[in-house]
Amino acid sequence: MTANIIDGKKIAADIRENIRLQVNERIKRGKRVPGLAVILIGNNPASQVYVKHKRAACEQAGVYSVSYDLPRETTQHELLTIIDELNNNTQIDGILVQLPLPDHIDSQLVIEHIQPNKDVDGFHPENIGKLALRIPAMRPCTPYGVMHLLDSIGETYKGRHAVIVGASNIVGRPMMLELILAGATVTLCHRFTADTAAFVQQADIVIAAAGKPGLVKGEWIKEGATVIDVGINRLETGKLTGDIEFTKASERAKWITPVPGGVGPMTVAMLLQNTLNACNKHPF
Ligand code: NAD
């Protein structure tokens, strides 16, 4: 079997185009454009690239974006003050603070300071809690993007076994909640799992999000499985690679996402979707 590629780049572009049309519709009806504030602290090269993509996507979709490029020395108090202002700014629907933050800033405190209805990353405990309680509000972008990719290939979830490798707050855990909500049976593997291979071998859907290049071996993949690689790892050669042995996995899977061009573009598209959804909740 040679797997079909799930083209995240194309699916994300379609979503962004749809958002652009909806923003145009709002303008025609005399409503304001959605607004997103993107805050970057310090000069982490990977964060700079992610933020650049997010800002460019806003511009392309006609979403108003405000950029805060702050020095590494920015204090926690200064950051919380900016978030207070943005929480009260009626032109702003979404507030994104690019993680990781410098060590002198408490990330969890910052996440909890963002008003839940402006938490377009979906990391606030209220939004994670609502997802757990089956009343999703603002959904974490990467898992939400993965669900769109699975929906695009007609995944039915019910009676299917999904195995997630990686249990972080931003990917693995909310991914588990999304998949349970959709009706799948879910196994969540993490660094203390005794035999991750044994679980992956049983999976109808494999989601890898550990940040370890080649961790999931091609021979672990069950024939006909759907394989989603969330991992983004930069090799010494400068090449980007995922967590899954792509070539060998492709020989067994029915569907597979590439890295780059799979989940990455979806995360940005979902950020815009969350911003538009937040904006649509207002009458103006
Ligand atoms: P993280 O380091 O916060 O979490 C990694 C998780 O993997 C942990 O739960 C850990 O227990 C688990 N893990 C580590 N080694 C393991 C092993 N040998 N077996 C099983 N589990 C193991 O990472 P993160 O922030 O969730 O990111 C994971 C990867 O996804 C990274 O490569 C990151 O760059 C990528 N990522 C991609 C996107 C995207 O848009 N495509 C978004 C976020 C993160």
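Bear in mind the structure is a predicted one, so any value in this text is a computation, not a measurement.

Rules of the game
- Residues numbered from 1 in each chain as written.
- Predicted model: local features only at pLDDT ≥ 70, side-chain atom pairs only at ≥ 80, totals over all residues.
- Heavy atoms only, no water.
- Core = buried A, V, L, I, M, F, W, Y, C linked by side-chain atoms within 4.5 Å.
- Buried < 20%, exposed > 50% of the residue type's maximum accessible area, 1.4 Å probe, protein only.
- Helix = DSSP H or I, 4+ residues; strand = E, 2+ residues; numbered from the N terminus.
- Contact = heavy atoms within 4.5 Å.
- Near = heavy atom within 4 Å.
- Polar contact = N/O pair within 3.5 Å; in protein donor to acceptor, adjacent residues only side chain to side chain.
- Areas by Shrake-Rupley, 256 points an atom, 1.4 Å probe, with all protein chains shown as cover.
- Nonpolar A, V, L, I, M, F, W, Y, C, P; charged D, E, K, R; others polar.
- Axes fitted to C-alpha atoms, helices over the stretch in contact; angles between N-to-C directions.
- Parallel < 35°, antiparallel > 145°, perpendicular 65-115°, else oblique.
- Left-handed = near helix turned anticlockwise from the far one by under 90°.
- 1 Å grid on protein atoms, 1.4 Å probe; cavity = no way out; pocket = protein on both sides within 12 Å on 5 of 7 lines; lining within 4 Å.
- Points joined across faces, edges and corners; volume = space filled by probe spheres on them.

Undergrad: Could you clarify how one ought to interpret the nonpolar core in this entry?
TA: What tends to happen in soluble globular proteins is that the nonpolar side chains get buried as a cluster. Among the nonpolar cores identified, the biggest contains 45 residues, and Leu36, Val146, Leu150, Leu179, Ile207, Ile228 and Val230 are the most heavily contacted of them. Per element, the largest residue contribution to this core is nine residues, and it comes from helix 10 (residues 263-280). Ignoring anything within four residues of it in the chain, the contact list for valine 230 reads Thr142, Val146, Val171, Ile207, Ala208, Ala209 and Val263. By size, the runner-up hydrophobic cluster in this structure holds 18 residues, among which are Val165, Val216, Ile221 and Val227.

Undergrad: What is the right way to look at the site of the ligand in this model?
TA: In the region of the ligand, 22 residues are neighbours, and Ala167, Ser168, Arg191, Ile232 and Thr267 sit closest. Side-chain polar atom of threonine 267 to an oxygen atom of the ligand: 2.6 Å apart, as the coordinates give it. In isolation the ligand has 860 Å² of accessible area, and contact with the protein removes 75% of it. Among the elements that line the shell around the ligand, the one with the most residues is helix 10, at three residues. Of the residues assigned to the shell around the ligand, the class counts are ten nonpolar, ten polar and two charged.

Undergrad: Which parts of the structure should I look at to understand the packing of helix 1 (residues 8-28) against helix 10?
TA: If you want to describe how two helices pack, look at the angle between their axes and the distance between the axes. Between helix 1 and helix 10, the least distance of the axes is 8 Å, while the angle of their chain directions is 20 degrees. Considered as vectors, helix 1 and helix 10 are oriented roughly parallel to each other. As for how helix 1 packs across helix 10, the hand of that crossing is left-handed. Contacts between helix 1 and helix 10 involve Gly8, Lys9, Ile11, Ala12, Ile15, Arg16, Ile19, Gln22, Val23 and Arg26 from the former and Pro265, Met266, Ala269, Met270, Leu272, Gln273, Leu276, Cys279 and Asn280 from the latter. Classifying every residue of the contact of helix 1 with helix 10 gives twelve nonpolar, four polar and three charged.

Undergrad: Help me understand the side chain of threonine 193 in this model?
TA: Mapped onto the elements of the fold, threonine 193 is located in the loop between strand 6 (185-189) and helix 8 (196-200). Judged by its relative accessible area of 18%, threonine 193 falls in the buried class. Within the local environment of threonine 193, its side chain forms a polar contact with the backbone nitrogen of histidine 190, the two atoms lying 2.8 Å apart. Residues in contact with threonine 193, not counting those within four places in the same chain, are Leu188 and Phe199.

Undergrad: How do you make sense of empty space enclosed by the protein when you look at a structure like this?
TA: Take a probe with the size of a water molecule and roll it over the atoms, and the empty space left behind shows itself. Under the defined criterion, the tally for this structure stands at one cavity of 30 Å³ or more. For the largest cavity, the calculated volume is near 70 Å³. Contributing to the lining of the largest cavity are Ile95, Leu96, Val97, Leu99, Val110, Ile111, Ile114, Asp119, Asp121 and Phe123. Put simply, the parts of the chain that give the lining of the largest cavity at least two residues each are strand 4 (94-97) and helix 4 (107-113). For the lining of the largest cavity, the element with the highest residue contribution is strand 4, accounting for three residues. Taken together, the residues that form the lining of the largest cavity break down as eight nonpolar, no polar and two charged.

Undergrad: What's the story with the layout of surface pockets in this structure? I'm lost.
TA: Roughly 240 Å³ of volume is contained in the second largest pocket. Considering the residues around the second largest pocket, the lining is formed by 17 residues, among which Asn117, Lys118, Met138, Ala278 and Lys281 are closest to the centre. In terms of residue count, helix 5 (residues 125-132) provides more of the lining of the second largest pocket than any other element does, three residues in total. Split into classes, the residues belonging to the lining of the second largest pocket amount to six nonpolar, six polar and five charged.

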